[in-house]
Amino acid sequence: MSDTRQLTLTDKKKLEADLAELMEAKKRVAEEIQIARGFGDLSENAEYDAAKAKEAEVYGNINRIEQILRTATFVDDSAASTDVVSLGNIVRVLDMEYNEEDEYTIVGFTEADPMKLFISNESPIGEALIGAHLGDTVVANTPGGKVSLKILDIRKR
């Protein structure tokens, strides 16, 4: 996987909303630290320690999201082509081993939800499907072994 992540505009909106929530949490944590300082000796102040730990977590998450927003490439998934599987497509496939059909929505990692068959373009199946055409058979190297999938349909989400 390269250092640059490819994400949808939906991913970008979700990350920006998460960042806004974290900025509010940052203000609340700063207030908690101020209040905890008033409880006395900082070396034996559990409230202060808890607030500082929370502060570190919030700052870590802010840095992580800002890094993603700075370095990711954002794709307009509403403009996804149906000629080739790409981010934002819904792909109907036939599992060649079990002769079962599934329908995957290829999304960025922030939207991934395997239970809904929303799979990341960075997942083994997502990676195998990206760039394939209608009628192609791809092989995904999953943790459970190799999976052969024939592409039956590609459409916009």
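The rules behind the values
- Residues numbered from 1 in each chain as written.
- Predicted model: local features only at pLDDT ≥ 70, side-chain atom pairs only at ≥ 80, totals over all residues.
- Heavy atoms only, no water.
- Helix = DSSP H or I, 4+ residues; strand = E, 2+ residues; numbered from the N terminus.
- Rg over C-alpha atoms; globule rule 2.2 N^0.38 Å.
- Buried < 20%, exposed > 50% of the residue type's maximum accessible area, 1.4 Å probe, protein only.
- Contact = heavy atoms within 4.5 Å.
- Areas by Shrake-Rupley, 256 points an atom, 1.4 Å probe, with all protein chains shown as cover.
- Lys, Arg positive; Asp, Glu negative; His and termini not counted.
- Charge placed at Lys NZ, Arg CZ, Asp CG, Glu CD.

Some details on the overall build of the protein
Per the secondary structure count, the protein includes 3 helices and 7 strands. When the helices and strands of the protein are listed from N to C terminus, the series reads β-α-α-β-β-β-β-α-β-β. Against the globule reference of 15 Å for 157 residues, the protein gives a C-alpha radius of gyration of 21 Å, more extended than a compact globule. By principal-axis analysis of the C-alpha atoms, the protein measures approximately 70 × 35 × 25 Å. Classification of the 157 residues of the protein by burial places 34% in the buried group. Long-range contacts, defined as pairs at least 24 residues apart, comprise 53% of the intrachain contacts of the protein with a sequence gap of at least 6. Surface accessibility of the protein: about 9,400 Å² in total, with carbon and sulfur atoms responsible for 51%. Taking the average location of the 19 positive side-chain charges in the protein and that of its 30 negative ones, the two points are 4 Å from each other.

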